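Fold and geometry: a report
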Amino acid sequence: MRYVKLLMILSCIAISAGCVEEKKEVVKKTFGDDLAFLKQHTEVVILSDTSGNGQVAILPAMQGRAMTSTAEGLDGLSFGWINRELISSGKIAEHINVYGGEDRFWIGPEGGQFSIFFKKDVPFDLEHWFTPAPIDTESFELVSKSKNSAILKKDMQLENFSGTIFNLRADREVRVLERSEAVEALEITPARTVKMVAFESNNKVTNTGTKAWEKETGLLSIWILGMFNPSPTTTIVVPFNTGPKEELGPIVNDAYFGKVPADRLVVKDGVMFFSGDGQYRSKIGLSPQRSKPILGSYDIVNKVLTIVQYNKPEMAADYVNSM
């Protein structure tokens, strides 16, 4: 999984559609503010580029997530959404602990006969839906760290709804990129005045058991989830491959949590625009045939650009049904 984040910073924070906020004033916190808060509650590993301005906070106890980042050091704006209320409470939520973070490791599927979120033979409802502890509340082991990278691992056992047991090891590396590396990956050259922080996470799972994993008894998928601070002036931009529905399927699935209102999702020729204000619970998805390995968001008022790239496999046919 390649995650590159380009941030244009003049005054405010980065956004995506990953979190929902109540209608209240958004408090603009610096990276130093968030770092001080996090250090009160958990171990924090700070990674940085050679300039020292681009920094990323990694939390081993929270599955090695990249909780937040900045492009201007301690006094710069903090881009990751942090659930301060939950973290400071010290409580463990029963079904899922939404701590936040720009890049966190996740495993699917969540639903269906091969779900790892439902125990064998229980009803498919929210009352019986539980996030597995290894990707929710348990720590990842910090194997090594350097100025710009951290390597973590986690041995775990999971069981799906059909009773298949998976013994596996998750390996995760988070690395801060230099400006030159980010420019090469993005294939654009920003102006010198643009402030930038870029990082990538590389994630894999390895079968450590004695039996091969088979499609007939269920497989696992890696997700990388990101949550960013909301803003009323942010639009998410998602390019897609054009072509007939008969060959590529519907342009977009916007019915995960009910139909997305027309004023929050606009589909044009080859690109869609999705509201990133964090005021409405919604989700969109593209088929493998439609999706491109890049998307992003832009906050018009605060001049914050976020770009996410990922390594989309060519000719991949099987994907988890995310409904």
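Residues numbered from 1 in each chain as written. Predicted model: local features only at pLDDT ≥ 70, side-chain atom pairs only at ≥ 80, totals over all residues. Heavy atoms only, no water.

Within the protein chain, the regular secondary structure consists of four helices and 14 strands. Against the 2.2 N^0.38 benchmark of 20 Å for 323 residues, the protein chain shows a C-alpha radius of gyration of 20 Å, consistent with a compact globule. Reported as C-alpha extents along the three principal axes, the dimensions of the protein chain are approximately 55 × 50 × 40 Å. Counting all 323 residues of the protein chain, 46% fall into the buried class. Pairs at least 24 residues apart make up 67% of the contacts formed inside the protein chain by residues separated by at least 6 positions. (Helix = DSSP H or I, 4+ residues; strand = E, 2+ residues; numbered from the N terminus. Rg over C-alpha atoms; globule rule 2.2 N^0.38 Å. Buried < 20%, exposed > 50% of the residue type's maximum accessible area, 1.4 Å probe, protein only. Contact = heavy atoms within 4.5 Å.)

This next bit is on the nonpolar core. I58 and I107 are the most contacted members of the largest nonpolar core, which totals 31 residues. At the level of elements, β1 (45–48), β2 (55–59), β4 (104–108), β6 (149–159) and β7 (165–177) are the ones that each hand at least two residues to this core. Per-element accounting of this core gives the leading share, five residues, to β7. Filtering out sequence-adjacent residues up to four positions away, I58 remains in contact with E43, V44, V45, L47, G64, R65, A66, L152 and V174. L35, M62, M67 and Y99 belong to the second-largest nonpolar core, a separate cluster that totals 13 residues. (Core = buried A, V, L, I, M, F, W, Y, C linked by side-chain atoms within 4.5 Å.)

This brings us to the pairing of strand β12 (residues 271–275). Pairing of strand β10 (residues 234–239) with β12, which is carried by five bridges, proceeds in the antiparallel orientation. Residue pairing across strands places P239 opposite V271, the latter belonging to β12. Here strand β11 (residues 265–267) pairs with β12 via three bridges, running antiparallel. Residue pairing for β12: V267 is matched across the bridge by M272. If you look at the hairpin formed by β11 and β12, you'll find three residues sitting between the two strands, and G270 has a positive phi there, around 85 degrees. (Pairing = 2+ DSSP bridges.)

By themselves, these figures tell us nothing about what the structure is for.
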